[in-house]
Amino acid sequence: MTDIFISYARSTETQASAMAEALRAQGYGVWRDDQLPAHRAYGDVIEERLRGAAAVVVIWSAEAVTSHWVRAEANVAREAGTLVQLRVDDTTPPLPFNEIHCAQMMGWNGETDSAGWLKVLDSIAELVGGPRPVAAPATAATRTAARMPGKPSICVLPFANMSGDPDQEYFSDGISEDIITDLSKVSALSVTARNTAFTFKGKSVKVPDLARELGVSHVLEGSVRKAGNRLRITAQLVDGISGDHVWAERWDRDLTDIFALQDEIGEAIVGAMKLKLLPEEKKAIEQRGTGNVDAYNLFLMARRLLIGGNRSDARFNETVLRLCRRATEIDPNYAQAWALQALAETDLHFAGGKPDDGLAAAERAIAIDPALGEARAVRARHLLRLGRHDEAVGEMALALRLDPESYEVNMSAGLLSLRGRAFTDAIAHYEKATALETTSVGGPGMLITCYNAIGDAENARRVATIALERAEQATALDPTNAPVMGFAVSALSTLGETERAREWMDRALLIDPDNMEMRYNFACARSAALGDVEGAVELLAAYFETARAGDVSFARADPDLDKIRQDPRFEAMIAAAERRLAPASPADRLGA
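Within every chain, residues take consecutive numbers counted from 1 along the sequence as written. Confidence filtering applies because this is a predicted model: local features only for residues at pLDDT of at least 70, side-chain atom pairs given and counted only at 80 or more, and all residues used for totals across whole chains, interfaces and linings. Only hydrogens and water are set aside when side-chain values are computed; all heavy atoms of the structure are taken into account.

Enquirer: Honestly, the pattern of salt bridges in this entry has me stumped. Any pointers?
Expert: Any two side chains of opposite charge can pair, on the condition that their charged atoms come close. Each reported salt bridge corresponds to a side-chain nitrogen of Lys or Arg within 4 Å of a carboxyl oxygen of Asp or Glu. Within this structure, the stated rule accounts for 30 salt bridges. Its salt-bridge partner being Arg303, residue Asp178 comes within 3.3 Å of it at the nearest N-O pair. With Asp178 in helix α6 (residues 169-184) and Arg303 in helix α11 (residues 293-308), the pair connects residues that are 125 residues apart, well separated along the chain. The exposure classification of Asp178 matches that of Arg303, with both residues buried. With a shortest N-O distance of 2.9 Å, Arg569 and Glu534 are connected by a salt bridge. With a gap of 35 residues between them, Arg569 in helix α26 (residues 568-581) and Glu534 in helix α24 (residues 533-546) connect regions that are remote in the sequence. Among the residues examined, Arg569 registers a relative accessible area of 35% and is labelled partly exposed. Each of Glu363, Arg376, Arg379 and Glu395 takes part in one network of salt bridges that share partners. Secondary structure elements follow DSSP: runs of H or I of four or more residues count as helices, runs of E of two or more count as strands, with numbering from the N terminus. Remark: exposure states derive from per-residue accessible area (1.4 Å probe, protein chains only) relative to the maximum for the residue type, with buried under 20%, exposed over 50%, and partly exposed in between.

Here's what the structure looks like:
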């Protein structure tokens, strides 16, 4: 029996070889595919070694997540309980592996004392049996070597809000996010993704430990104090290995100088790390989208609401819309604000029938900046509404290429796939969105539907647990958030907590009896999870009386309603709704 099987993609063969040698030095028997014999079918040998291993180490990378072999090997290990996974770049493991702990070893160069490597060793020891190996401390040589290969890397920790006003948190977060975006444009530098960096917000961290965990050479810390029209920003660049300060600075400026100050901060960091900023990169960093501080401030407020709130609540979208409309009034060429406005208008139009559908705002954003992924994702939804399916798919693919780390783009891509009942694709996008935004209920809420549709009860319960936890947090802040209650009922029903689900439904219907979206979600829960056909039909009767064309179109495809689709009452209701809507234009009838 082999102790350890190593699964990897070709692009990480160097790391796989180094890890194999390090594990052999610990006394383990290690097998990887460079040991395939010449006299046997390689598929047979791989399966034999894989199933016989006590531990399977999967090295996730950008290439590995698209490899059929790596994913298949990881799945065998997951089912056998032998999976040990790590990642060597910023790639998030694909579902369902992204919900299992993954050691972070970005930038690993053979250090035997790195936090990620020690986690791998500990897991292997537990699976293989026997005493846990003790890694030798890093020597001066290995510390020096860790600096040399590959390009420098940095994690920008969220800047602390020192304004004495929690409502100013949006501004300090916005500054942090913009610095991450600016540094990401420097080709000579690898930057930790925003969603990873922000998991450390408000936490006390030891920089060397953090740097080892993330595999970065440097960490940037800072603070923002905003008082009236005055602004103070401090920043310090820390060596990830020694913990020493490489560079530090403080700026006291007028708020009107914010854009020049951001340029100055980015260039100072690049200079302190002794990197070369190419002319086109400098130009890209200096493109702020707007030169108006008031418009920028409004956009930051709206963006913070978008990232930290629940978009399924109409009141939330209306606030975002007001902020963005004012920002675009101040600066009509502010593409990012137009894109955010398009998102809010689209959701309000499709869910609540508001007259502005968001397409014009999306087109305006794209005309100003064709590379805005979120604006193109909105446009894709409208192309689908107009019956131009192939164009919608192409536009959404472009949006994903332009901004694969966008919560909004992944949620829109998930919806497009779900409407086409392409559940596996929808799951991939909703899993990514759930990982990107850790407060929104929408991602895990939609995953409940998708996993139930393919009969994966285990993962349905997993995401239901996530959705319920987030819903409870959201309703603790706002007990009247009806859409969140809808997701909570779906989660409770999936988890088998029938009585609690009915209690939530009764309370929600008492608080907001006329909320049709909530009634629809309750009907889905009763149909899909509770098998309560009568209850589902009763809720849908009122819903279809006022449902819009897009609502009816989605109900035709929604897998949550599959259990009642053959009920003659359901077909009668949906047919009546379609007759009522028949005078509408063909474009409106298609929905989104």
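Enquirer: It is not clear to me how the confidence of the model for the protein should be interpreted in this structure. Could you clarify?
Expert: In regions of low pLDDT, the predicted coordinates are not meant to be interpreted in detail. The quantity called pLDDT is the predictor's confidence in a given residue, expressed from 0 to 100. This prediction gives the protein a mean pLDDT of 83; 91% of its residues lie at or above 70. Contacts: residue pairs with any heavy atoms within 4.5 Å of one another. Here residues 131-149 is modelled with pLDDT under 50, and outside its nearest four sequence neighbours on either side it reaches 29 contacts, counting other chains as well. Contacts from residues 585-592, a stretch scored under 50 in pLDDT, to residues over four places away or in other chains number 26 contacts.

Enquirer: Would you take a moment to explain the environment of Gly394 for this structure?
Expert: Locating Gly394 in the fold gives a position in helix α16 (residues 389-402). Among the residues examined, Gly394 registers a relative accessible area of 38% and is labelled partly exposed. C-alpha of Gly394 to C-alpha of Ala380: the two residues are 14 residues apart in sequence and 8.0 Å apart in space.

Enquirer: In this structure, what is going on with the sheet that holds strand β4 (residues 83-87)? I would like to understand it.
Expert: Sheet strands pair by backbone hydrogen bonding; their relative direction is either parallel or antiparallel. Pairing in this open sheet of five strands is parallel, and the strands run β2-β1-β3-β4-β5 from one edge to the other. Taken across any chain shown, the strands that pair with only one partner, and hence form the sheet edges, are β2 (30-31) and β5 (103-104). Helix axes are fitted to C-alpha atoms over the stretch in contact, other axes to C-alpha atoms as well, and angles between N-to-C directions run from 0 to 180 degrees. Sitting on the sheet, helix α3 (residues 68-80) is in contact with β1 (4-7), β3 (55-60) and β4, with an inclination near 145 degrees to β3. In this scheme, strands are said to pair when DSSP sees at least two bridges between them.

Enquirer: For this particular structure, what's the right way to read the environment of Ile241?
Expert: The topology assignment puts Ile241 in the loop between β10 (230-239) and β11 (245-254). The exposure class of Ile241 is partly exposed, given its relative accessible area of 24%. Sequence separation between Ile241 and Ser406 is 165 residues; the distance between their C-alpha atoms is 31 Å.

Enquirer: Looking at this structure, how should I read α24?
Expert: Three- or four-residue spacings in an α-helix give side chains the same orientation, since the helix completes a turn every 3.6 residues. Working rule for helices: expected span equals 1.5 Å times residues minus one. Over its 14 residues, α24 extends 21 Å from the first C-alpha to the last, a length consistent with the 20 Å expected when each residue adds 1.5 Å. Its maximal kink placed at Leu540, α24 deviates by approximately 30 degrees. Of the residues making up α24, those classed as buried are Gly535, Ala536, Val537, Leu539, Leu540, Tyr543 and Phe544. Along its buried surface, α24 packs onto α22 (498-511), α23 (516-528), α25 (549-557) and α26. In this analysis the local bend is the angle between axes fitted, respectively, to the seven residues ending at and the seven residues starting at the residue.

Enquirer: I would appreciate a short explanation of helix α18 (residues 423-436) in the present structure.
Expert: The end-to-end C-alpha distance of α18 is 20 Å, a good match for the 20 Å that 14 residues give at a rise of 1.5 Å each. Buried residues dominate α18, accounting for ten of its 14 residues. Within α18, the full set of buried residues consists of Phe423, Ala426, Ile427, His429, Tyr430, Glu431, Lys432, Ala433, Thr434 and Leu436. For α18, the elements touching its buried residues are α7 (194-197), α16, α17 (407-419), α19 (442-453) and α20 (457-477).

Enquirer: What exactly am I supposed to notice about the nonpolar core here?
Expert: For soluble globular proteins, nonpolar side chains are generally found buried alongside one another. Within the largest apolar cluster, 74 residues are counted, with the highest numbers of intra-cluster contacts made by Leu220 and Ile233. The element best represented in this core is helix α13 (residues 335-352), accounting for nine residues. Apart from residues lying up to four places away in sequence, Leu220 is in contact with Ile154, Cys155, Val156, Leu157, Phe159, Ile179, Ala235, Gln236, Leu237, Trp247 and Ile269. By convention a nonpolar core is built from buried Ala, Val, Leu, Ile, Met, Phe, Trp, Tyr and Cys residues, the set being connected through side-chain atoms within 4.5 Å. Within the second largest apolar cluster, 60 residues are counted, among which are Val441, Tyr451, Ala460 and Ala525.

Enquirer: Mind showing me how you'd approach the side chain of Asp173 here?
Expert: Relative to the elements of secondary structure, Asp173 occurs in helix α6. A distance of 2.6 Å separates the side chain of Asp173 from the side chain of Lys201, its partner in a polar contact. Leaving out residues up to four positions away in the same chain, Asp173 has contacts with Phe198, Lys201 and Arg304. Counted as a polar contact is a pair of N or O atoms within 3.5 Å, where, for protein atoms, one must be capable of donating a hydrogen and the other of accepting one, and residues adjacent in sequence contribute only when both atoms are in side chains.

Enquirer: Mind showing me how you'd approach the packing of aromatic side chains here?
Expert: To describe a pair of aromatic rings, you give the distance between the ring centres and the angle between the ring planes. Two aromatic rings, drawn from Phe, Tyr or Trp (for Trp, its six-membered ring), form a pair once their centres lie within 6.5 Å of each other, and the interplanar angle then sorts them: stacked below 30 degrees, edge-to-face above 60, tilted otherwise. A full pass over the atoms with the stated rule returns nine aromatic pairs. Summarising the aromatic geometry, the rings of Phe259 and Tyr296 are spaced 5.2 Å apart at their centres and angled 75 degrees between planes, so their arrangement reads as edge-to-face. One end of the pair, Phe259, is in helix α9 (residues 258-272); the other, Tyr296, is in helix α11, and 37 residues separate them in sequence. Tyr296 sits in the buried class, given a relative accessible area of 3%. Every member of this aromatic cluster is reached through a ring pair, and the members are Tyr520, Tyr543, Phe544 and Phe570. Comment: the charge-over-ring label is applied if NZ (Lys) or CZ (Arg) is within 6 Å of the ring centre and within 35 degrees of the ring normal. The cationic tip of Lys226 hangs over the ring face of Phe171; the distance from NZ or CZ to the ring centre is 5.3 Å. The side chain of Arg507 reaches across the aromatic face of Trp504, ending 4.9 Å from its centre.

Enquirer: Explanation requested: the packing of α6 against α9 in the structure shown.
Expert: To describe two helices that pack against each other, one gives the angle between their axes and the distance between the axes. One way to put it is that α6 packs onto α9 with a least axis distance of 10 Å and a crossing angle of 50 degrees. Judged by the inter-axis angle, α6 sits oblique to α9. At the point where α6 passes α9, the crossing takes the right-handed sense. Where α6 approaches α9, its residues Phe171, Ile175, Asp178, Ile179, Asp182 and Leu183 are matched on the opposing element by Ile258, Gln262, Ile265, Gly266, Ile269 and Val270. Should an angle lie under 35 degrees it is considered roughly parallel, over 145 roughly antiparallel, and from 65 to 115 roughly perpendicular; all remaining angles are considered oblique. For any pair of crossing helices, the crossing counts as left-handed if the nearer helix is rotated counterclockwise from the farther one by less than a right angle, and right-handed if it is rotated clockwise.

Enquirer: I tried to follow the packing of helix α21 (residues 482-494) against α23 on my own but got confused; where do I start?
Expert: For the pair α21 and α23, interaxial distance at closest approach is 8 Å and the crossing angle is 5 degrees. On the basis of the axis angle, α21 is roughly parallel to α23. Contacts between α21 and α23 involve Ala482, Pro483, Met485, Gly486, Val489, Ser490 and Ser493 on the former and, on the latter, Met518, Asn521, Phe522 and Ala525. Looking at the contact of α21 with α23 residue by residue, the class counts come to seven nonpolar, four polar and no charged. Gly is put with the polar residues, along with every residue not named as nonpolar or charged; the nonpolar set is Ala, Val, Leu, Ile, Met, Phe, Trp, Tyr, Cys and Pro, and the charged set is Asp, Glu, Lys and Arg.

Enquirer: What is the right way to read the state of the cysteines from this model?
Expert: Note on terminology: disulfide describes a covalent bond linking the sulfur atoms of two cysteines. The disulfide definition used here is simple: a pair of cysteine sulfur atoms within 2.5 Å. Evaluated as defined, the whole model comprises zero disulfides. With no disulfide of its own, Cys155 lies closest to Cys102 among cysteine sulfurs, the gap being 17 Å. Looking at Cys524, it has no disulfide partner, and the nearest cysteine sulfur is the one in Cys450, 12 Å off.

Enquirer: Any chance you could explain the pairing of β10 here in plain terms?
Expert: Working note: regular strand, side chains alternate between the two faces of the sheet. Most of β10 sits out of view: eight of its ten residues are buried. Judged from the ten bridges that link them, strand β9 (residues 218-227) and β10 form a sheet pairing that is antiparallel. Bridge assignment links Lys226 to a residue of β10, and that residue is Leu231. Of the strand pairs in this sheet, β10 and β11 are connected by nine bridges, and their pairing is antiparallel. Across the sheet, residue Arg232 finds its bridge partner in β11, namely Asp252. Between the antiparallel neighbours β10 and β11 lie five residues, among them Gly243 with a positive phi of about 80 degrees.

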